[in-house]
Every structure is written in structure tokens, then in C-alpha cells.
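# Structural features, examined
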Amino acid sequence: MSVTMQDHWYPVALASGLRRSARDTLLLGRAIRVALDDGGAPVVTAEGRALPVQVKFGHVWTTLGVPAGDVFDIPEADQPGRRLVEVGSVKVRCSPLRAVENFLDIAHFPFVHTDVLGSEPHTEVERYEVEIRDDVDEVWATKVKFFQPQAARSAQGGITTEYMYRVPGPTCSVLYKTCPPRPGEWDVITLFVQPLTETTCEVWPWMALFDDDSTMTEMIHFQQLIFLQDRSILENQLPALLPLDPGREIPTRADMLSIAYRRWLKRHGYTFGAQLVAA
Ligand SMILES: [Fe+2]
């Protein structure tokens, strides 16, 4: 039986944010209600159907279909000493697939996050490796290197940062990044995207960082600043839906990860938020 987008897990609330009230929201165009009671965090559709629920990475996850397994794992997140940062959500008027694709766009740092995650003239993307790992059904990019003036809230001065990108689900991405205070370890920065409609989404960034200096508020504000820079780009992208057929565009090296992501989406028929025929 093939797995559709309906069968994947999606974040729909912060587990810690539910004590105040129930949350009415959308998932893949369907109305759902997330509540919290003594038994956990039930999620029901507008018709009253109870949906599966898991609480992981500080978020409540649910699915409209029949998931193939649990919410994906991030083993690094369980390492002792990490700070787990719940950033909250940002609503964005863009396709959920566009939000992930932008997160995977290796070349955008110097232009969108100028003087923070990148700077001119350091705009060149060095050779990196991309693969679709069939055994785990994930897209991965490794050996990504970039010069960054301030790679993290905790970084002092510019460094060459190494990255790995991972796509464990159609609207989720995990970024592993050189950790300035802990050589040999990776900071984990995620983008969990809740698809509301084909052209709107709610983005729930979450991080598991080694950072003994910053306050929680400072780490949240740093990530919010970064994401608000992305949001203004995302809300102006055309076409609004993510084209899965790149047409006659000649891919640059920086695009290889985006192309692998689109190819993987197309192979699985993960088309909610996608444009199938090249315009
Ligand atoms: Fe960005």
C-alpha cells in the first residue's frame, strides 16, 4: 500500500502551549481541533473523528491517514547537555512545500540573511553530496560548507560552517550544523511545517543546541529573526505552488538539493502544495 501525504505525521501545536486553550486549525485543508485533557492531547476532525496523536520534540503531531510508523527520530536530540528550544509558530502565506524548499536552499544565506548566516562576497557554494536514501526514504545533503559571519547566537566572529540537511517527511526538514562551542558535535535546527492549505502553512521551528551562554529568550529571538527574513521572501515567490517539473532550467550546484527534494516528492505523489505541469 502506498503512503500518501495524508499518512504522514504533522505538527499541530506546541505541547506546552495547550494548557491555555484548545486550538482550532487546519491540516491538509481539513478542519481539526487540538485539545488537552488528562489523557493527553486528543485531536479530532470537524466530523468528530479522533486522529492518532504523538507528542515528540515538544510538539503535538497528528495524521489524517494511517502512518507507516512513529514520528521520525532525531537521535542527537536525546544527547545530554542540549538546550531544547521551542520557537513557537509563524503563519506563512506560501505552499508548505515552498517553506521546506527555502529551508533547503543552500545559496540563500548571503542574500536573505546578510551578515548573519552569510555575507557577500562569500556567496560561492562548494561541491556537496546529495542522495535519496531508499532504506530510510529520506533526502540527505552532506559536506555542505559555507562561510558565516555569525553562525549561531553563541558564535564569535566568522567561521566556515559545515552543514548536513535531511528531509524525513514531505514537510519536515532537519539541519545539522557545526557547533562552535562543541567541536565534533552538530547543532540540530529543524523546520516542522504544518500544511494548512496548498498555499498557507504554519511553521514550527525547533532546535536542540549546545549553547551554555545564551538565554532561552535570546535563542528564540535569534531564530525568529532568521525566519522572519525567510517569510518575506516566501510570501512573494511565484508561482505560489512548488513546480515539481523544473522544465528547461539548468540547475546550478546550489540547486541540487532542491531538485532531489522535488524528485522525491514527485516519486511519492506528495503533491499537496505542488504544481505538476510546468507553467
Ligand atoms: Fe533562510
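Residues numbered from 1 in each chain as written. Predicted model: local features only at pLDDT ≥ 70, side-chain atom pairs only at ≥ 80, totals over all residues. Heavy atoms only, no water.

### Here's the deal with the packing of helix α1 (residues 96–103) against helix α4 (residues 256–268)
At their nearest, the axes of α1 and α4 sit 10 Å apart, and the two run at 150° to each other. Taken together, the axes of α1 and α4 lie roughly antiparallel to each other. For the pair α1 and α4, the crossing hand works out as right-handed. Across from Leu97, Arg98, Val100 and Glu101 in α1, the residues of α4 making contact are Ser258, Tyr261, Arg262 and Leu265. Partitioned by chemical class, the residues of the contact of α1 with α4 number four nonpolar, one polar and three charged. (Axes fitted to C-alpha atoms, helices over the stretch in contact; angles between N-to-C directions. Helix = DSSP H or I, 4+ residues; strand = E, 2+ residues; numbered from the N terminus. Parallel < 35°, antiparallel > 145°, perpendicular 65-115°, else oblique. Left-handed = near helix turned anticlockwise from the far one by under 90°. Contact = heavy atoms within 4.5 Å. Nonpolar A, V, L, I, M, F, W, Y, C, P; charged D, E, K, R; others polar.)

### Thoughts on the domain arrangement of the protein
Per the domain assignment, the segments making up the protein are domain 1 (3–62) and domain 2 (82–275). The gap between the C-alpha centroids of domain 1 and domain 2 is 24 Å. Domain 1 puts 20 residues into the contact, and the matching count from domain 2 is 20 residues. Together, the buried faces of domain 1 and domain 2 total about 1700 Å²; carbon and sulfur atoms form 68% of this surface. The largest contributions to the domain 1 side of the interface with domain 2 come from Met5, Pro11 and Phe57, which together make up 30% of the buried area. (Domains from an automatic or database assignment. Buried area = accessible area lost by both parts, 1.4 Å probe.)

### A word on the packing of aromatic side chains
For any pair of aromatic rings, geometry is given as the distance between the ring centres together with the angle between the planes. One pass over the structure, following the stated rule, counts eleven aromatic pairs. Both rings, one in phenylalanine 57 and one in phenylalanine 72, keep their centres 5.8 Å apart while their planes meet at 35°; by these two values the pair is tilted. Of the two residues, phenylalanine 57 is situated in the loop between β6 (53–56) and β7 (59–62) and phenylalanine 72 in the loop between β7 and β8 (83–86); the sequence distance between them amounts to 15 residues. When the centroid spacing of 6.3 Å and the interplanar angle of 20° are considered together, the rings of phenylalanine 192 and tryptophan 206 count as stacked. Linking phenylalanine 192 in strand β14 (residues 186–197) with tryptophan 206 in strand β15 (residues 200–209), this pair joins segments that are 14 residues apart in sequence. With respect to burial, phenylalanine 192 and tryptophan 206 carry one shared label: buried. Site record: aromatic cluster; members linked through ring pairs are Phe57, Trp61, Phe72, Phe192 and Trp206. (Phe/Tyr/Trp six-rings, centres within 6.5 Å; stacked < 30°, edge-to-face > 60°. Buried < 20%, exposed > 50% of the residue type's maximum accessible area, 1.4 Å probe, protein only.)

### Details of the sheet that holds β7
Taken together, three strands build an open sheet; the order of strands is β1-β7-β6 and the sheet is antiparallel. Whereas interior strands pair on both sides, the edge strands pair on one side only; in this sheet they are β1 (10–14) and β6. On average, adjacent strands in this sheet sit at an angle of 35° to one another, irrespective of strand direction. As defined by bridge partners, β1 adjoins β7 across four bridges and the pair is classed as antiparallel. Following the sheet pairing, alanine 13 is matched in β7 by valine 60. (Pairing = 2+ DSSP bridges.)

### Thoughts on unusual backbone geometry
Of note, the amide linkage connecting leucine 238 to proline 239 takes the cis form, showing an omega dihedral of -5°. Take proline 239: it is sitting in the loop between α3 (216–234) and β16 (242–243). Even without glycine at this site, lysine 143 takes up a positive phi of about 60°. Assignment of secondary structure puts lysine 143 in strand β11 (residues 138–148). For lysine 143, a relative accessible area of 42% translates into the label partly exposed.

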